[in-house]
Structures are given as C-alpha cells and as structure tokens.
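# Descriptive analysis of the structure
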Amino acid sequence: SGKAETRSRGAAKEKTLECGQIVWGLAFSAWPAAEDGDTDPPCAVGLPCLVLATGLNDGQIKVWEVQTGHLLFSLLGHQDVVRDLSFAPNGSPILVSASRDKTLRVWDLSRDGRQVQVLSGHVQWVYCCSISPDCSMLCSAAGEKSALLWSMRSYTLIRRLEGHQSSVVSCDFSPDSALLVTASYDACVIMWDPYTGEQLRTLRHVPLHSTLDSSSEIHTSSLRSVCFSPEGLYLATVADDRLLRIWALELRSPVAFAPMTNGLCCMYFPHGGFIATGTRDGHVQFWTAPRVLSSLKHLCRKALRTFLTTYQVLALPIPRKLKEFLTYRTF
C-alpha cells in the first residue's frame, strides 16, 4: 500500500462547492475541535477543521466545512448581494458580512448561525469590512467619502472617518490594531489612528506615464484594494493604472511595482513573502514581496500596541519621543 498511498497523497485534488449562486465574497476560519458529547459537530472529535464562508448573489451566506464539503449553515437575512465577509481573527466563530442592502450583519456560528446584530448607517452599497486583530473594532467601506468605525463589543458606531475626496472602497487594520488604512477612488491611501480618528499620513498614487491610457474616461490611479503585510511595515495597493505597488511605511513611498491589468483585490500571504491579487478576468496571480527582518524597536512596539490603546500609551510616564514612536506619529 506504500506506493499507492504515496501517489494518492501527492496527487492534486480538486473540490467543488455547489453554491447555486454567483459567489462575491469568501472568508476562511479555523474551527475548534469537537469534544466528546457534542451533537452533530462540524469537525471530527479532537481534530480542528477549516471552514469557508461564501457570500452569494441572492443575499445568502453559506458556510462549508472545507475538507468534506459539508454545508454547515445557510445564513438568511441580507436582501441583496453579500459583497464581503470577515471572521473574527481570534478564532471565535463570529462572522461579519457586508452587503449591497447597505447593512452589515454579525453572525454567531457557535449558536447555529444566529444573527447577533444588524449594523445600519451606510447610504450606499457596503463593499468591504475588516475586523481589527484584537477584535475590538470593525471598519466598513461603502462607496462613500467616509468609512465607518464600529465597536465589536457593543456593536455601535464609534466614529465616521472623513478625509477622502471620493468613494472609499477598501480598508485594513495593521497586525497590532494600532493603524487603519483606507483606499479610495481619489487615488489616496489614508492611514488613521483608529482610537483617536486622527489622520497620520496620506500616500498618494502618482501614475507612471507609461501606464496611462489617454482614452480612458476614469482616473487611472483609482484605487481598488489595500492590505497590510503580516509584520506591519509594508502596504500593498492595487490601482486602475495597471500596477501593483508595495509601499514601505518608513519611507512613505513605493519600493516595488508589478504590472497587472484588471486588478481588483490583493492579500498578503499570512507569513509574508508573497501577495495574491485577483482580477476581473478571473485570474489569481501570485507575486514575490519584499521580506523584512523587523527591528527590535518595531517588535517591541508591535507587542505593546497589541494590548495598549493610543490613550493608554499617551498616559504612560515615558518621554514624548517614545510616545510618538509607539503611536506611529514617527517611524
């Protein structure tokens, strides 16, 4: 059985999940192992599993166990396309969905997919939602000139982030939850302190002349997506000028470019080194990203900011320059 088993394990396997609708949004999450006595557990007893949430064209959300293809939940509530999905990063079975019905909805999969909360406040289709790594905040973008910041503890609106001159279409938190970035059709990325609502810096996309299309009627630098690198020192952006950019936050400028067409979204590999991009023509492309050895200063800042808010840092009896470094007022 040795050779046959080896061939079987090494063979490429394909799996198709029949959603029955156009799939607009995807989100993975690890599901904790089942315990003895659990009735109808999604995973085998003692073994964790991977689940995938799919946002569909008819407003449904279907949640699958990836290995077996078993449908765990069909979540009903949205009245239009589910455009984006985000699981709580701490491994809890909380799922947030963003929809063209102008709402966000919070679901608890540990309670049979019960709808916990409906978040209303946007006047346009909601395109993007992102939960902070410490699970305290939620940011949403809906094609409006402002992004909304919500509390994940009380499910109430914290503040409206205003500063862009056109529609905000993408958002992401830094790995330590101390920073939030938003990307807009105005060709700018704004970096915010989510605790204070302060704009820390703006990264402007300047088109390269060789990529311009003089016949285009849209702004060729309109942004589509932004994401943080796993260590929190780089950003990746996708824009309509046919470029993937990688930005070094310490330099406040791009350090690498890659030519791509029809780009819509980007995401870093969780351990760094690679970026995946999605396109309108149905392709996912993978790119090599700069690898960086974080300085001891940044590692200490990241560790501290994981559990200290900006206000708590400012209250520490430490020198002003150190406070500015810890709150990303200076790199």
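Rules used throughout
- Residues numbered from 1 in each chain as written.
- Predicted model: local features only at pLDDT ≥ 70, side-chain atom pairs only at ≥ 80, totals over all residues.
- Heavy atoms only, no water.
- Helix = DSSP H or I, 4+ residues; strand = E, 2+ residues; numbered from the N terminus.
- Buried < 20%, exposed > 50% of the residue type's maximum accessible area, 1.4 Å probe, protein only.
- Contact = heavy atoms within 4.5 Å.
- Pairing = 2+ DSSP bridges.
- Axes fitted to C-alpha atoms, helices over the stretch in contact; angles between N-to-C directions.
- Phe/Tyr/Trp six-rings, centres within 6.5 Å; stacked < 30°, edge-to-face > 60°.
- Lys NZ or Arg CZ within 6 Å of the ring centre and 35° of its normal.
- Lys, Arg positive; Asp, Glu negative; His and termini not counted.
- Salt bridge = Lys/Arg side-chain N within 4 Å of Asp/Glu carboxyl O.
- Polar contact = N/O pair within 3.5 Å; in protein donor to acceptor, adjacent residues only side chain to side chain.
- Core = buried A, V, L, I, M, F, W, Y, C linked by side-chain atoms within 4.5 Å.
- UniProt positions renumbered as here; feature names shortened; annotations may be inferred.

This part takes up the overall build of the chain. Check the secondary structure of the chain and you find 4 helices and 23 strands. Counting the 331 residues in the chain, one finds 48% classified as buried. In the chain, 42% of the contacts between residues at least 6 apart in sequence involve partners at least 24 apart.

What follows covers the sheet that holds strand β15 (residues 188–193). With respect to topology, 4 strands assemble into an open sheet ordered β13-β14-β15-β16, the strand pairing being antiparallel. In the strand order of this sheet, the two ends are held by β13 (168–173) and β16 (198–204), each with one partner. Averaged over all pairs of adjacent strands, the angle between their axes in this sheet comes to 20 degrees, without regard to strand direction. As defined by bridge partners, strand β14 (residues 180–184) adjoins β15 across 4 bridges and the pair is classed as antiparallel. Directly across from Leu 180, in β15, lies its bridge partner Trp 192.

This paragraph deals with the packing of aromatic side chains. In total, this model carries 1 aromatic pair according to the counting rule given. In this structure, Arg 100 is placed above the aromatic ring of Trp 24, and the distance from its NZ or CZ to the ring centre is 4.5 Å. Geometry around Phe 325 places Arg 301 over its ring, the cationic atom sitting 4.0 Å from the centre.

Inspection of the secondary structure puts Arg 301 in helix α2 (residues 296–305). Of the buried charged residues, Arg 301 lacks a salt bridge, with Glu 250 as the closest side chain of opposite charge at 5.4 Å. There is a polar contact of 3.0 Å between the side chain of Arg 301 and the backbone oxygen of Phe 325.

Bringing the sheet that holds strand β23 (residues 284–288) into the picture now. Ordered by their spatial adjacency, 3 strands build an open sheet running β21-β22-β23, and the pairing between neighbours is antiparallel. Of all the strands in the sheet, just β21 (263–268) and β23 have a single pairing partner and so form its edges. Between one strand axis and the next, the sheet turns through 25 degrees on average, direction left out of account.

Here we take up the nonpolar core. Membership of the largest hydrophobic core comes to 17 residues, with the highest contact counts inside it found for Val 96, Leu 104, Leu 119, Leu 138 and Met 152. Of all the elements, strand β6 (residues 94–99) adds the most residues to this core, at 3 residues.

Here, UniProt's "domain: SOCS box" (unreviewed entry) annotation points to residues 295–331. Taken end to end, residues 295–331 comprises 59% helix and 0% strand; its first and last C-alpha atoms sit 11 Å apart.

This part covers the pairing of strand β10 (residues 137–141). Counting buried positions over the 5 residues of β10 gives 5, a clear majority of the element. Here β10 shows no split at all, with Met 137, Cys 139 and Ala 141 on one side and Leu 138 and Ser 140 on the other all buried. Here strand β9 (residues 128–131) runs beside β10; their pairing, made up of 4 bridges, is antiparallel. By the bridge assignment for β10, Cys 129 is matched with Ser 140. Hairpin connection of β9 to β10: 5 residues between the antiparallel strands, including Cys 135 at a positive phi of 65 degrees. Two elements, β10 and strand β11 (residues 146–151), share 4 bridges in a ladder whose sense is antiparallel. By the bridge assignment for β11, Ser 140 is matched with Leu 148. The loop that links β10 with its antiparallel partner β11 comprises 4 residues; one of these, Gly 143, has a positive phi angle of about 70 degrees.

For the rest of this paragraph, the subject is unusual backbone geometry. Of note, Tyr 155 is a non-glycine position whose phi angle comes to about 55 degrees, a positive value. In this structure, Tyr 155 sits in the loop between β11 and β12 (157–162). Its identity is not glycine, yet Ser 177 carries a phi of approximately 70 degrees, on the positive side.

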